[in-house]
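Structural description and commentary
Residue-level listing of the chains:
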There are 2 protein chains.
Amino acid sequence: MPTNSGEHGVVVVGGGLAGRVTAWRAAGLGLPVTVVEPDPLTDPGGARAASTVAAGMLTPATEAMFGEEPLMEFAMRSAGMFADFVTELERAAGRPVGYRATGTLLVAYDRDDLALLTDLHALQQRLGVAAERLTGRECRRLEPMLAPSVRGGVLAPDDHSVDPRLLLRALAEAGSRAGAAEVAARAEEVLRPGPDGARLGVRLSDGRTLPADQVVLAAGCWSDRIAVPEPVVPPVRPVKGQLLRMRVPDGEPPLVHRTVRGLVRGFPVYFVPRADGEVVVGATQEELGYDTSLTAGGLWQVLRDARELVPGVTELEVTEACVGLRPGSPDNEPLLGPTRVPGLHLATGHFRHGVLLTPVTGEVMAQVLTAGTLPDHARRFAADRAPGGGDRGDSHSTTLEEQWN
Amino acid sequence: MPTNSGEHGVVVVGGGLAGRVTAWRAAGLGLPVTVVEPDPLTDPGGARAASTVAAGMLTPATEAMFGEEPLMEFAMRSAGMFADFVTELERAAGRPVGYRATGTLLVAYDRDDLALLTDLHALQQRLGVAAERLTGRECRRLEPMLAPSVRGGVLAPDDHSVDPRLLLRALAEAGSRAGAAEVAARAEEVLRPGPDGARLGVRLSDGRTLPADQVVLAAGCWSDRIAVPEPVVPPVRPVKGQLLRMRVPDGEPPLVHRTVRGLVRGFPVYFVPRADGEVVVGATQEELGYDTSLTAGGLWQVLRDARELVPGVTELEVTEACVGLRPGSPDNEPLLGPTRVPGLHLATGHFRHGVLLTPVTGEVMAQVLTAGTLPDHARRFAADRAPGGGDRGDSHSTTLEEQWN
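Residues numbered from 1 in each chain as written. Chains lettered and ligands numbered in written order. Predicted model: local features only at pLDDT ≥ 70, side-chain atom pairs only at ≥ 80, totals over all residues. Heavy atoms only, no water.

Brief notes about the interface of chain A and chain B
Here is the rule: For this analysis, residues touch if any pair of their heavy atoms sits within 4.5 Å. The term buried area refers to how much accessible surface (probe radius 1.4 Å) is lost by two components on association, counted for both of them together. The rule for a salt bridge is simple: a side-chain nitrogen of Lys or Arg has to be within 4 Å of a carboxyl oxygen of Asp or Glu. Only Asp, Glu, Lys and Arg are considered charged in this grouping, and only Ala, Val, Leu, Ile, Met, Phe, Trp, Tyr, Cys and Pro are considered nonpolar; every other residue, Gly among them, is considered polar.
Every contact between the two is made by 16 residues of chain A and, on the other side, 16 residues of chain B. Of the roughly 1500 Å² buried between chain A and chain B, counting both surfaces, carbon and sulfur atoms make up 75%. In terms of surface lost to chain B, no three residues of chain A exceed A:Ala296, A:Trp300 and A:Leu303, which account for 39% of the buried area on that side. One can count zero salt bridges joining chain A with chain B. Along the lines of polarity and charge, the residues of the side of chain A that touches chain B split into nine nonpolar, four polar and three charged.

Some words on the packing of helix α4 (residues 69–93) of chain B against helix α7 (residues 164–177) of chain B
Residues and elements named next belong to chain B. Rule in force here: To obtain each axis, a line is fitted to C-alpha atoms, and for helices this fit is confined to the stretch in contact; angles are then taken between N-to-C directions over 0 to 180 degrees. Helix numbers and strand numbers start at the N terminus; a helix is a DSSP run of H or I with at least 4 residues, a strand a run of E with at least 2. Convention used here: angles under 35 degrees read as roughly parallel, angles over 145 as roughly antiparallel, angles from 65 to 115 as roughly perpendicular, and any remaining angle as oblique. A crossing counts as left-handed when the near helix is turned anticlockwise from the far one by less than a right angle, and as right-handed when that turn is clockwise.
The N-to-C vectors of α4 and α7 enclose an angle of 55 degrees; their axes lie 8 Å apart at closest approach. Considered as vectors, α4 and α7 are oriented oblique to each other. Seen along the crossing, α4 lies across α7 with a hand that is left-handed. Of the residues in α7, those touching α4 at Phe82, Phe85, Leu89, Arg91, Ala92 and Ala93 are Leu167, Ala170, Leu171, Glu173, Ala174 and Arg177. Residues of the contact of α4 with α7, tallied by class, amount to nine nonpolar, no polar and three charged.

Examining the packing of helix α1 (residues 17–28) of chain A against helix α4 (residues 69–93) of chain A
Think of two packed helices as two axes; the pair is described by the angle between the axes and how far apart they sit. Residues and elements named next belong to chain A. Viewed as axis vectors pointing N to C, α1 and α4 meet at an angle of 75 degrees, and their least axial separation amounts to 13 Å. It follows from the interaxial angle that α1 and α4 lie roughly perpendicular. Two secondary-structure elements touch here, α1 through Val21, Trp24 and Arg25 and α4 through Phe85, Glu88, Leu89 and Ala92. Its residues assigned to classes, the contact of α1 with α4 shows five nonpolar, no polar and two charged.

Remarks on the pairing of strand β16 (residues 278–282) of chain B
Successive side chains on a regular strand alternate, one facing one side of the sheet and the next facing the other. Residues and elements named next belong to chain B. For clarity, the threshold we go by: For the exposure calls, accessible area comes from a 1.4 Å probe over protein chains only, and a residue counts as buried if that area is under 20% of its type's maximum, exposed if over 50%, partly exposed in between. The rule for pairing is simple: two strands pair if DSSP sees at least two bridges between them.
The element β16 is extensively covered by neighbouring structure, given that five of its five residues are classed as buried. The alternating pattern of β16 places Glu278, Val280 and Gly282 on one face and Val279 and Val281 on the opposite face, and all of these are buried. As defined by bridge partners, strand β13 (residues 237–247) adjoins β16 across five bridges and the pair is classed as antiparallel. Across the sheet, residue methionine 246 finds its bridge partner in β16, namely valine 279. Bridge count for strand β15 (residues 267–273) against β16 is four bridges, and the pairing is antiparallel. The residue bridging phenylalanine 271 from the neighbouring strand is valine 281, located in β16. In sequence, β15 turns back onto β16 through a hairpin of four residues, with glycine 277 there showing a positive phi of about 100 degrees.

A word on the sheet that holds β13(B)
Residue and element names in this part refer to chain B. The mixed open sheet is built from eight strands, whose spatial order is β5-β6-β4-β14-β15-β16-β13-β17. The sheet is open, and its two edges are formed by β5 (132–135) and β17 (317–328), each paired on a single side. Ignoring which end each strand starts from, the neighbouring axes of this sheet average 20 degrees apart. Relative to strand β14 (residues 259–264), strand β4 (residues 104–108) is paired through five bridges, and the arrangement is parallel. Bridge pairing in β14 links alanine 108 to leucine 263.

Quick look at α4(B)
Three- or four-residue spacings in an α-helix give side chains the same orientation, since the helix completes a turn every 3.6 residues. Residue and element names in this part refer to chain B. Selection criterion: The length a helix should cover is 1.5 Å for every residue beyond the first. Bend angle per residue: angle between axes fitted to the 7 residues ending at that residue and the 7 residues starting there.
Taking 1.5 Å of rise per residue, 25 residues should cover 36 Å, and α4 covers 34 Å from first to last C-alpha, within 8% of that figure. Along α4, the sharpest kink reaches roughly 45 degrees, centred on phenylalanine 82. For α4, the set of buried residues is Leu71, Met72, Phe74, Ala75, Ser78, Ala79, Phe82, Phe85, Val86, Leu89 and Ala93. Note on α4: the residue one or two positions beyond its end, glycine 94, has a positive phi of about 70 degrees.

Observations regarding the pairing of strand β15 (residues 267–273) of chain A
Residues and elements named next belong to chain A. Among the seven residues that make up β15, five are buried, leaving the element largely enclosed by the rest of the structure. Inspection of the sheet shows strand β14 (residues 259–264) paired to β15 by five bridges, in the antiparallel sense. Residue pairing in the sheet places leucine 263 in a bridge with proline 268 of β15. The antiparallel pairing of β14 with β15 creates a hairpin that spans two residues between the two strands, and arginine 265 there sits at a positive phi of about 50 degrees.

Overview of the relation of the copies chain A and chain B
Note the threshold: Here the copies are superposed with least squares, the fitted atoms being C-alpha atoms of residues at a pLDDT of at least 70 in both.
Aligned on chain B, chain A shows an RMSD of 0.0 Å; the corresponding rotation is 180 degrees and the shift along the axis is 0.0 Å. These values place the two chain copies in the arrangement generated by a two-fold rotation axis. Within chain A, the C-alpha atom positioned nearest to the axis of rotation is that of A:Trp300, 3.4 Å from it. A shared binding surface is used by both copies, with 100% of the interface residues of chain A retained as interface residues in chain B.

As for the sheet that holds strand β4 (residues 104–108) of chain A
Residues and elements named next belong to chain A. Here eight strands make up an open sheet; going across it, the order is β5-β6-β4-β14-β15-β16-β13-β17 and the pairing mixed. Looking at the sheet topology across the chains shown, the edges are occupied by β5 (132–135) and β17 (317–328). Neighbour-to-neighbour, the strand axes of the sheet open up by a mean angle of 20 degrees, direction not taken into account.

Considerations on the side chain of B:Asp110
All names here are of chain B. Inclusion rule: Working convention for charge: Lys and Arg count positive, Asp and Glu count negative, and His plus the chain ends are omitted. For this analysis, a polar contact is any N or O atom pair within 3.5 Å, provided that within protein one partner can donate a hydrogen and the other can accept it, and provided that sequence-adjacent residues contribute only side-chain to side-chain pairs.
Mapping aspartate 110 onto the fold places it in the loop between β4 and α5 (111–127). An unpaired buried charge is present at aspartate 110: no salt bridge exists, and arginine 265, the closest side chain of opposite charge, is 4.8 Å distant. Of the polar contacts made by the side chain of aspartate 110, one reaches the backbone nitrogen of aspartate 112; its length is 3.0 Å. Residue contacts for aspartate 110: discarding those within four places in its chain leaves Arg151 and Arg265.

Here we look at the domain arrangement of chain A
All names here are of chain A. Threshold: For each domain, the first and last residues come from an automatic or database assignment.
Split by domain assignment, chain A resolves into domain 1 (10–52 + 165–235 + 330–403) and domain 2 (104–157 + 238–328). One C-alpha centre belongs to domain 1, the other to domain 2, and the line joining them spans 31 Å. Tallying the contact residues gives 17 residues for domain 1 and 15 residues for domain 2. The contact between domain 1 and domain 2 buries some 1400 Å² in all, and 53% of this surface belongs to carbon and sulfur atoms. In this assembly, domain 1 and domain 2 are joined by one salt bridge. In this structure, the salt-bridge partner of glutamate 320 is arginine 165, at a minimum N-O distance of 2.7 Å.

Details of the packing of aromatic side chains
Defined as follows: Pairs were defined over the aromatic rings of Phe, Tyr and Trp, the Trp ring being its six-membered one, requiring ring centres within 6.5 Å. Orientation was assigned from the angle between planes: stacked under 30 degrees, edge-to-face over 60, tilted for the rest. Whether a charge sits over a ring comes down to the Lys NZ or Arg CZ being within 6 Å of the ring centre and within 35 degrees of the ring normal.
Taken as a whole and assessed by the stated rule, the structure comprises nine aromatic pairs over all chains. When the ring of A:Phe82 is compared with that of A:Tyr99, the centres are 5.9 Å apart and the planes differ by 10 degrees; the resulting orientation is stacked. A residue pair is termed long-range when its members are at least 10 positions apart, and A:Phe82 in helix α4 and A:Tyr99 in the loop between α4 and β4 qualify at 17 residues. Where B:Trp24 meets B:Phe85, the ring centres are 5.9 Å apart and the plane angle is 75 degrees; that geometry is what we call edge-to-face. One end of the pair, B:Trp24, is in helix α1 (residues 17–28); the other, B:Phe85, is in helix α4, with 61 residues separating them in the sequence. B:Trp24 gets classed as buried once you look at its relative accessible area, which sits at 6%. Aromatic ring contacts, followed pair by pair, group A:Trp24, A:Phe82, A:Phe85 and A:Tyr99 into a single cluster. A cation over a ring is seen here: B:Arg237 above B:Phe351, with NZ or CZ 5.8 Å from the ring centre.

Structure, rendered in structure tokens:
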């Protein structure tokens, strides 16, 4: 396994957050690096990449409910890196990323939602994360637009937000300034090194082949649409999300002052406000393959739950309806680092946490590209792990790759 | 008052359905005619003109509920003209207009809605229009996707539909083939003829002035934004409508087989299916001035009622969210024909009925431009009528113009 780059350097397949943070970090380490990405950054509304659709919540504490503790620890690590990461990136790129350290308020709509929220708060306390239990009245004191029916909440003072579109542009700019090259083409195939002298490389849709010492496959849920050597087809699946971008009319007060997440009769809904008046409201979670159609049902669900929680949302202008595909893995945890093909690494499977995991993904992939191994804290997320966690003490012996191929 | 065109002919201000049907008819009569319209027809989604947003229902029988009997008679006349009008127009333009003679099913969601529907049916019978009362089961036999809760309905076999975007393009093409000219500019001012030798004309945003023997102001709800001589500022107001264009997935059966209109807890909602799988679902009716923002509340209302009536609508892809401004008049009836300024006529105020009234508007305006008078059947809608109907036997003596200026 190559532990350092030779003449051809690193080819990163995919220009989303995982790919671009990897490219920026690789370029910063002096590795020659090229990003292969067919969609330009100029039209975020047109792109389907999860990175350009995502709301940008950095909310490990209030996500804990839906995740597992090891993933949460990984997410907490990334959240803890975020402020310094933003400072470094904004300086390197010369542009802002819309980071807002406002905290997050998670609220419950009905009695059942409140029971779930109480369980979450207990988990948060066990994990030692900052989270303050509030009554419904205390929630409304913080966020006066909340519905009178809100039963109670949890304030997570360290759960912040960022604008993923700005973050993506900043990473592209910082990568470019650090020397990363960019190829506007679709990757069709990863070519495997072989005993017959065949070299690792990436064949593009325009017919060219980019030779590579190392390849990072970071194409989100499309990572398995690219022809790769048999044993390492990434076990990703698309998880569709529909959400709305809205705008508070000029001169009006903000709809909410911080990220507000809610459970409404068991359905999660969120509001992520930005400094410029944009409010991102989402999102559905649908297992429908690669379908990216905006549906009446998706819009309906988001609007229904948003309106229950913050009735004043009906006054907002809708500026964009977005559909994205999150890259899910079999256990919904990231797929990071080396595969069985020497030099071919994965950086995908971030599912609902891609924005939050951006700094730690950069850290992990930098070590992968230079040392050929994952840091200890990320070993659980090894791309070649067994399903259910072969190195986590259970008895499964098939690998994820075998299970999915 | 000029009864025929001299050297400068007719200038029509506004390229919506009212303006273009007038221009086509005028050109067909041999009058020199020029349409002034700033928005191109090439981007119907971008335009805000009511004509490009409207669903295209030709439903006088099922509209009767919300209107008055004289307007309904006028609408019935236009509906009766429609089939021949379409034949003539499609031949003249060499393109289709998406006319579908499918009939309309009007249904009631709850007991109160059913009571209103029963009243409507009584009115329909008094007026002698074709309308058959159906049970909920009979409605579902015609339209199997209707919700089980639908209480009953009325089938109006003569209430059809057309595609207003195709209709508008066909009228533009037919007008052009008949010799109508087109100026892509905004009309800023109608210049009044005067004793000092001043001539009737239209001053454009590009600085030019088009002299005219007759001017037809047909700029929808913007007709009062154009500087016109004091006594004839058209008393129009914008009535905002938000609606959704959806699409049945390829290979799926139609959502509905005919226009379906419903009352859902007092709110009107409609589905207008087209042969190509498009379904137009709408619409809000909001008095908010010239605001054309798409709002979360507008989408919410349309989706809420649509889903109650036809739950399967949630499976449809949303292809477009549209906002339009209907031109309302003080009594919500059209404003047609001569004003107090010699040679200046109105063709606006069609409110919710602009598509349906297209053929009769063409007929009426042709007589106005050639004879200087309204046909008897249209006298009620005279542009210079008194509010509440000065010639309809009541005692008001102020004119609409006086009331609104």
